[in-house]
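Residue strings, one per chain:
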Amino acid sequence: LRLTQLESELHYALEHGEFELYYQPIIALSTNQLSGFEALIRWKNPKRGFISPIEFIPLAEDTGLIVAVGDWVMKEACYQLQTWMRQFPEASHLKMSINLASHQIREPDLLDKLDSILAQTGIDGSSIRLEITESTLMDQGEQTIKKLSQLRARNIQLSIDDFGQGYSSLSYLHRFPINILKIDRAFVNQMSDGGENIEIVRTITVLAHTLNMSVVAEGVETQQQADILKQLGCEFGQGYLFSRPLTAADAELAIAKSINLSQVS
Ligand code: C2E
Ligand code: MG
Ligand code: MG
């Protein structure tokens, strides 16, 4: 596949509305209640069909186009959250998690853009969570710490994504003003009774709590995994056990259902 061709197709896709956000529920393990969603981008190309973000996000990063794509994602996700909050006043506690690529963190305009999105949507900073991968975090050093602090000053929450995949300097981790640690699904997947990955997940959870972070387990696929995670003190779960990423319409149904359930109990 020629890069330049795909690059121009990405441009075209942005301009012609070929991207769509899906929303995957994040569940509080102690209550089984919906706590929020992670926005996940989808590209439906008329010629090529569905293209996974695993394929095109790295390419968008290489070409710098990720900034334009990321701007679209931030806006779309925040407007969607605004719509849901207006529609369901009982859902004002829901958080919207948005993936941020390393280019976007380095970008000088990021804060201005977020300020204007928050002002335009009326959403409080505390309702959004920006997900930054462990490797991005470790790559960037002092400048990142400053940028992250500026985000925190707006009450925006920060998550480390895919924790365990990169090479965190543990002694460095406490310097980042992070609220949530997401355990990479590779660890969650390989947890079985007595398996050593249970001990790894336990240790990561203790580490996160020591640093005042909450823990989200990614890729929860079985009830057994959910039970173990809950026992280990992991607060949140995300994965096919609870739900696949949903279209906006289906996510809306999930919100409606979760509100009805909490009113019954
Ligand atoms: P991620 O941020 O770690 O997102 C979680 C990925 O795990 C999603 O893949 C999700 O569909 C998948 N997943 C969720 N539950 C399960 C499960 O139980 N089992 C398995 N096997 N997988 C599960 P997806 O949507 O294909 O996205 C892949 C990656 O692409 C994301 O990983 C993220 O790094 C990137 N990405 C997606 N959307 C965006 C975006 O808007 N901006 C940026 N910068 N990156 C994005
Ligand atoms: Mg993520
Ligand atoms: Mg992840």
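In the block above lies the structure referred to throughout.
Just so you know, these numbers come straight off a predicted model, no measurement behind them.

Caption draft 1: Structural context of the site of ligand 1. Lining the immediate environment of ligand 1, one finds 22 residues, of which Arg-42, Asn-99, Asp-161, Glu-221 and Tyr-240 sit closest. One nitrogen or oxygen atom from the main chain of Ile-41 is found 3.1 Å from a nitrogen atom belonging to ligand 1. At 3.0 Å, a side-chain N or O of Arg-185 approaches an oxygen atom of ligand 1. For ligand 1, the protein covers 86% of the area, taking 800 Å² as the surface of the free molecule.

Caption draft 2: Representation of the coordination of the magnesium ion (ligand 3). Surrounding the magnesium ion (ligand 3) are the protein donor atoms Asp-161 (OD), Asp-162 (OD), Glu-218 (OE) and Glu-218 (OE), at 2.0 to 2.7 Å. Here the donor residues of the magnesium ion (ligand 3) share one chain and are spaced in sequence as D-D-x55-E. Between the magnesium ion (ligand 3) and the magnesium ion (ligand 2), a separation of 3.8 Å is found, and both are coordinated by Asp-161. Here Asp-161 is found in strand 6 (residues 157-163), whereas its partner Glu-218 is found in the loop between strand 8 (214-217) and helix 11 (223-231), with 57 residues between them in sequence.

Caption draft 3: Spotlight on the pattern of salt bridges. Inspection of every chain in the model, using the stated rule, returns 9 salt bridges. Note that Arg-48 and Glu-9 form a salt bridge whose closest N and O atoms lie 2.8 Å from each other. Pair noted here: Arg-48 is in the loop between strand 2 (33-45) and strand 3 (49-51) and Glu-9 is in helix 1 (residues 3-15), with a separation of 39 residues, a long-range link. By relative accessible area, which is 11% here, Glu-9 ends up buried. What you see here is one network of salt bridges that share partners, running through Glu-38, Glu-131 and Lys-182.

Parameters and conventions
- Residues numbered from 1 in each chain as written.
- Chains lettered and ligands numbered in written order.
- Predicted model: local features only at pLDDT ≥ 70, side-chain atom pairs only at ≥ 80, totals over all residues.
- Heavy atoms only, no water.
- Near = heavy atom within 4 Å.
- Polar contact = N/O pair within 3.5 Å; in protein donor to acceptor, adjacent residues only side chain to side chain.
- Areas by Shrake-Rupley, 256 points an atom, 1.4 Å probe, with all protein chains shown as cover.
- Donors = N, O, S within 2.8 Å, 3.2 Å for Na, K, Ca; no water.
- Helix = DSSP H or I, 4+ residues; strand = E, 2+ residues; numbered from the N terminus.
- Salt bridge = Lys/Arg side-chain N within 4 Å of Asp/Glu carboxyl O.
- Buried < 20%, exposed > 50% of the residue type's maximum accessible area, 1.4 Å probe, protein only.

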